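So you can see what is in the structure, the chains are spelled out below.
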Amino acid sequence: MSHILDKSSAFRQGVVIFVYLAVLTALEYFVAVTFQAVSILVMVAVIKAALILYYYMHIYKLNEESDAEAHSYSFKTGTNRLGLWLFLLSDSFVFAGLMATRVNLLGLTRPHLNQILGLAVTTVLLVSSFFMNRGETAMAHGDKKGFVTNVLITFVLGLGFLLGVVAVEWPLAAEEGLTASSGAAGAVFYMMTGMHAFHVLTGLIFLLVVLNNVRKDVYSAEQHWGVEAAAVYWHFVDLVWIFFYPALYLIGRLL
Amino acid sequence: MKKFLSTALMRGLFWQFVGTLLGAGLITGIRAALGLSVTDKFFFTEPAWVLGGFMGVLFFLGGNGSVSDWFKWARGIDTPEHHEERYSGWEKYFNVSLDHKVIGIQYIVTALLLISIGGLFALIFRTELAQSQLQFLTVDMKLFGQNGPQLYNTLMSLHGMIMIVSILLGIAGIINYVVPLMLGAQDMAFPRLNAFSYWVAVPAAVLLLMSLVLGGFGTGWTGYPPLSARAPVGVQMFFLGVFTAGWSSILGALNVLATVIRMRSKGMVAMRMPIFVWAAVATSIIALTATQLIGLSFQLVMFQRLFGMGFFDPAKGGNPVLFQHLFWFYSHPAVYVFVLPGLGVISELLPVFARKPLFGYRWVAMSSLGIALVGFVVWAHHMFTSGMNEYLRLPFMYSTLLVAIPTGVKFFSWVATLWKGKIVFPTPMLFVLGGIVVFLLGGLTGPPNATVSVDLHLHDTYFIVGHFHDTIFGGFVFPFFAALYYWFPKATGRRMNETLGKIHFWLMTPSFFVLTFGMMRIGLLGMRRRIVDYDPALGFDTTHLILTIAGYLIGLSVLIFIYNFFNSIKNGEIADGNVWNSRSPEWQVPSPMPTHNYDQPFEVVGEPYDYGLPGSKYVEFAAPAKSKHITKG
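Here is a short report on the structure shown in this document. What you are looking at is a predicted structure, and each value in this text was computed from that prediction instead of being measured. (Residues numbered from 1 in each chain as written. Chains lettered and ligands numbered in written order. Predicted model: local features only at pLDDT ≥ 70, side-chain atom pairs only at ≥ 80, totals over all residues. Heavy atoms only, no water.)

**Observations regarding the overall build of chain B**
Of regular secondary structure, chain B possesses 21 helices and six strands. Along the first, second and third principal axes, the C-alpha atoms of chain B reach 75 × 60 × 50 Å. The long-range fraction of contacts in chain B, counting pairs at least 24 apart against all pairs at least 6 apart in sequence, stands at 80%. Carbon and sulfur atoms make up 68% of the accessible area of chain B, which amounts to about 24,500 Å² in all. Seen as two clouds, the 41 positive and the 30 negative side-chain charges of chain B have centres 4 Å apart. (Helix = DSSP H or I, 4+ residues; strand = E, 2+ residues; numbered from the N terminus. Contact = heavy atoms within 4.5 Å. Areas by Shrake-Rupley, 256 points an atom, 1.4 Å probe, with all protein chains shown as cover. Lys, Arg positive; Asp, Glu negative; His and termini not counted. Charge placed at Lys NZ, Arg CZ, Asp CG, Glu CD.)

**Regarding the overall build of chain A**
Summing up its helical and strand segments, chain A has seven helices and two strands in all. Element order for chain A, N to C, with α for helix and β for strand: α-α-α-β-α-α-α-α-β. Computed over C-alpha atoms, the radius of gyration of chain A comes to 19 Å, within 12% of the 18 Å expected from 2.2 N^0.38 for 255 residues, which places it in the range of a compact globule. Overall size of chain A, expressed as C-alpha extent along the three principal axes, is 60 × 35 × 30 Å. Put simply, chain A has 255 residues, and 55% of those count as buried. (Rg over C-alpha atoms; globule rule 2.2 N^0.38 Å. Buried < 20%, exposed > 50% of the residue type's maximum accessible area, 1.4 Å probe, protein only.)

**A short note on unusual backbone geometry**
Following Pro225(B), the chain continues into Pro226(B) via a peptide bond in cis, with omega recorded as 5°. Position of Pro226(B) relative to the elements: it lies in the loop between helix 8 (191-213) and helix 9 (227-230). Of note, the bond from Ser591(B) into Pro592(B) is cis; its omega dihedral lies within 30 degrees of zero at -10°. Residue placement: Pro592(B) occurs in the loop between strand 4 (573-574) and strand 5 (602-604). Positive phi values are uncommon outside glycine, yet Asp217(A) reaches one of about 65°.

**So, the packing of helix 1 (residues 7-34) of chain A against helix 2 (residues 38-56) of chain A**
Residue and element names in this part refer to chain A. It is at 10 Å that the axes of helix 1 and helix 2 come closest, and there the two elements cross at 165°. Overall, the two elements helix 1 and helix 2 adopt an arrangement that is roughly antiparallel. Judged by the twist between their axes, the crossing of helix 1 over helix 2 is left-handed. Seen from helix 1, the contacting residues are Gln13, Gly14, Ile17, Phe18, Tyr20, Leu21, Leu24, Thr25, Leu27, Glu28, Val31 and Ala32; seen from helix 2, they are Ile40, Leu41, Val44, Ala45, Ile47, Lys48, Leu51, Ile52, Tyr55 and Tyr56. (Axes fitted to C-alpha atoms, helices over the stretch in contact; angles between N-to-C directions. Parallel < 35°, antiparallel > 145°, perpendicular 65-115°, else oblique. Left-handed = near helix turned anticlockwise from the far one by under 90°.)

**Here's the deal with the side chain of Asn133(A)**
Structurally, the position occupied by Asn133(A) is in helix 4 (residues 115-140). Each residue touching Asn133(A), except ones within four places of it in the same chain, is listed here: Gly14(A), Tyr55(A), Tyr56(A), His58(A) and His235(A).

**Considerations on the packing of aromatic side chains**
Taken as a whole and judged by the stated rule, the model has 72 aromatic pairs over all chains. Pairing Phe298(B) with Phe323(B) gives two aromatic rings, centres 6.1 Å apart and planes at 15°, and the pair type is stacked. With Phe298(B) in helix 11 (residues 275-307) and Phe323(B) in helix 12 (residues 320-354), this pair connects stretches of sequence that are 25 residues apart. Judged by relative accessible area, Phe323(B) falls into the buried class, the value being 0%. The ring centre of Phe11(A) lies 4.4 Å from the NZ or CZ of Arg134(A), which sits over that ring. Sitting above the plane of the Phe75(A) ring, Arg262(B) keeps its charged end 4.6 Å from the centroid. (Phe/Tyr/Trp six-rings, centres within 6.5 Å; stacked < 30°, edge-to-face > 60°. Lys NZ or Arg CZ within 6 Å of the ring centre and 35° of its normal.)

**Observations concerning the pattern of salt bridges**
Residues and elements named next belong to chain B. In this structure the tally under the stated criterion is 14 salt bridges over all chains. Across the salt bridge formed by Glu46 and Arg305, the nearest N and O atoms sit 2.9 Å from each other. Placement of the pair is Glu46 in helix 3 (residues 46-64) and Arg305 in helix 11, with a sequence separation of 259 residues. Take Glu46 and Arg305: they sit in the same class, and that class is buried. The closest approach of N and O atoms between Arg272 and Glu607, which form a salt bridge, is 3.3 Å. (Salt bridge = Lys/Arg side-chain N within 4 Å of Asp/Glu carboxyl O.)

**A look at a positive patch on the surface**
Side chains of Arg215(A), Lys216(A), Arg11(B), Lys72(B), Arg75(B) and Arg86(B) sit close together on the surface and give a patch of like positive charge. Its place among the elements puts Arg75(B) in the loop between helix 4 (68-74) and helix 5 (91-94). Judged by its relative accessible area of 45%, Arg75(B) is partly exposed. (Patch = residues over 30% accessible without salt bridge, like charges linked within 9 Å, V, L, I, M, F, W, Y side chains within 5 Å.)

**Considering the environment of Ala37(A)**
Residue and element names in this part refer to chain A. Considering the arrangement of structural elements, one finds Ala37 in the loop between helix 1 and helix 2. The class of Ala37 is buried, set by a relative accessible area of 16%. Along the backbone, Ala37 and Gly252 are 215 residues apart, and their C-alpha atoms lie at a distance of 9.0 Å.

**A look at the interface of chain A and chain B**
Counting residues at the interface gives 35 residues for chain A, matched by 38 residues for chain B. In this assembly, chain A packs against chain B so that about 2,900 Å² is buried in total across both faces, 69% of it on carbon and sulfur atoms. Considering only the side of chain A, the residues that lose the most area to chain B are His71(A), Phe93(A) and Met191(A), jointly responsible for 19% of the buried surface there. Residue assignment for the side of chain A that touches chain B shows that the elements contributing at least two residues are helix 3 (73-106) and helix 6 (184-215) of chain A. Here the side of chain A that touches chain B gets 19 residues from one element, more than from any other, and that element is helix 3 of chain A. Taken together, the residues of the side of chain A that touches chain B break down into 18 nonpolar, 14 polar and three charged. (Buried area = accessible area lost by both parts, 1.4 Å probe. Nonpolar A, V, L, I, M, F, W, Y, C, P; charged D, E, K, R; others polar.)

**Regarding helix 8 of chain B**
Helix length check: helix 8 of chain B (23 residues) gives 35 Å between terminal C-alpha atoms against 33 Å at 1.5 Å per residue, within 8%. Across the 23 residues of helix 8 of chain B, 20 count as buried, placing the element largely inside the fold. (Expected span 1.5 Å × (residues − 1).)

**Structural notes on a nonpolar patch on the surface**
All names here are of chain B. On the surface, Leu545, Ile549, Leu553, Leu556 and Leu559 cluster together into a nonpolar patch covering about 440 Å² of accessible area. Of note, Leu559 is situated in helix 21 (residues 541-571). Relative accessible area serves as the criterion here: at 56%, Leu559 is assigned to the exposed category.

**Quick look at the environment of Leu507(B)**
All names here are of chain B. Secondary-structure assignment places Leu507 in helix 20 (residues 498-524). Once the C-alpha coordinates of Leu507 and Ser557 are considered, the two residues, 50 residues apart in sequence, prove to be 6.0 Å apart. Contact partners of Leu507, with chain neighbours within four places excluded, come to Leu553, Leu556, Ser557 and Ile560.

**Remarks on helix 12 of chain B**
All names here are of chain B. Helix length check: helix 12, at 35 residues, gives a terminal C-alpha distance of 51 Å against a target of 51 Å (1.5 Å per residue), a fit within 8%. Its axis deflected by about 35° at Trp328, helix 12 carries its strongest bend there. Of all 35 residues in helix 12, 33 are buried; the element is thus mostly enclosed. For helix 12, the N-terminal capping position is held by Asn319, with its side-chain oxygen 3.0 Å away from the main-chain nitrogen of Val321. A positive phi of about 55° marks Arg355, the residue just after helix 12. (Bend = angle between axes of the 7 residues up to and from the residue. Polar contact = N/O pair within 3.5 Å; in protein donor to acceptor, adjacent residues only side chain to side chain.)

**Some thoughts on the environment of Val437(B)**
All names here are of chain B. Structurally, Val437 can be placed in helix 16 (residues 427-444). Owing to a relative accessible area of 42%, Val437 belongs among the partly exposed residues under this scheme. Each C-alpha atom, one on Val437 and one on Phe411, is 9.9 Å from the other, the two residues being 26 residues apart in sequence.

Purely spatial values, then, with no claim about function.
Below you can see the structure in the form of structure tokens.
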């Protein structure tokens, strides 16, 4: 039970982690535009992923002892949590497969993409994760108003990311001649961003469902598995982008 | 009849039909508005068929009610953990049920149906092969837009994939029925997901069969591009079907893992779990993760066809060999998904009929995990002739040979368990022993194929066909039948006819040996696989004729089984007690099981396989509590 923090320190922890993530993203970008050390880029991505896994997705909760009574909410939440993580493990094999496709087909090259836009959508998604964390923390402390505010911000940012990729980045790339059928680079770019965008879309739907259920007063400080699930899923989508962003925008020389 | 038409199955199929038409109509409408062509050889255009097939699956699931509770939850409406069973008798099995025992039987019956269809396809092309030259699958004939040889290719490809899906459903059925009972759980961890996993496989099977009538595809079940990138629209239905069936497998595996981790009864520590549960865990680890890769590989080809994305098109900078890597990353471990539960059944049943402890329990448990984990790093042994980088050959050859070690552990355990046992030979035991021998043949013919120098000659010959039929029959088919004969009394309270069971065994086993030995013989002499005709000068006509006869005999034996299976449900000899004198918890209570399994929880107090040790006990049931109602969750 040592992991349960009081509300203000939980918020503070969220801010600190966000600052770490922001600094690491800036470092990533700097390394990419200056001396292109792939090993450093991979390392930075792994560190960012570890921070998110631990502090935002609370992977340690898998280890938590739950109530032994088989019909209790806490026992069922423990089982649900395990189920969700198993699903994420399975899902990550799709993304790993796409990553392998990218490495196999493009190697140490990358398509020409709008760098500013890439950094912007990455930042937006990272900030959305920060607010999602605040929303979940608020709910865990029974603050429903705080929850709604933060999750609404998350939703708007998530929508911003989705539109940024699908409605802005895709047409821009197509204008530059990078279309789905133009070649391996185009195929990889649209497939990776498309598969990720599909997951963002489902995450957004999940957020809407949770918001609606909060309006119906389904959750409480003690019982809010739906909120936790939506949050973990949202952070997972962010986690995937942490690897996809450098793979598409930063690593390798321009084609 | 009216009752049957209103079952969840028929409602689902109706809505799948509607969904397919709607999806296809939508694309056709859009194409018409854009001034593109609206019809093609098979009425709708390819994008229309793809969206139609996809929406058909969604409509099936929405229409038959297997997702309705989730939609209620999403709207904030709570539902009881278990619904009261609304149907009884046969209707229960055609409607959505959350009971793991009902779902297990649904899986098994669907698997038997698909095995029959896949077997029928095999007999059709086997008949054509009985003689050299083309007899009835001729170039002049036309069916479903295909001529004879093309139809041969489609049937051969579908035989492979339909059998694979039926195996996945078969193991899911056994695991679903048995694992919660062995653990002492009321149900699987996620009953709705369990029902979903079954029902999503039904539209998947329909999609696979649709591929036959939509022009078919000549790629084999592997669907390699560039051939699959140029095949008729049927290949898209094939891709969609496999993709959908994959979800059944993934979600089922997730459920098994969560159930085993969370729902074990008191005292059942890891090293006291029944050995079949270990096998189910090992199989589920692979199915949960690797299955995504076959879905992805087929999805990429699908998109290559639809949007011109050049993943596997060398002209666009793509790489066809990449497909083979992605595909085999699942499709090799998949064979361990097929055989691990079967090997688990063998280890589970052998001590019961040898009346001796299972030799080396820990080693057997760990060998299942070992096979599963090594299985992740052997995939490229299917690609020694593909033109992949040569430096990859050696590591993949050695990792493949490594699989022989954990598999060998199992064999030594079985032999040592049998040694000096008081062996009895009812039908399930016959199939267990048959499985061991056949799997041994499959195992012994494996290492030659794994060795690069030999594989370069054996690749794509009938030797490979013989080899994998040995592994699949020994690792799945024989144990599957053993499991059905063994647990049939648990499910129905009656046992299957012993005489028919023995006829089934003694007809199937020799025929099967003839079949695979014959395949390997002509394979070594140079018979290519996946080919409709062969040169009479090769002198294979006699062997092929014998193979065909053996194939028909196997078909006949399976028909006898199916008759026995359905006949015994009503007319079998009553057997509601511990028929096999087993120590496993599910046999300590009367058959058939009530809806919520055990009335009293049990505690594990000893080792699972101490057969023949006087005074030893595996489980102890709590004393029946008086007037204590089981609280509803």
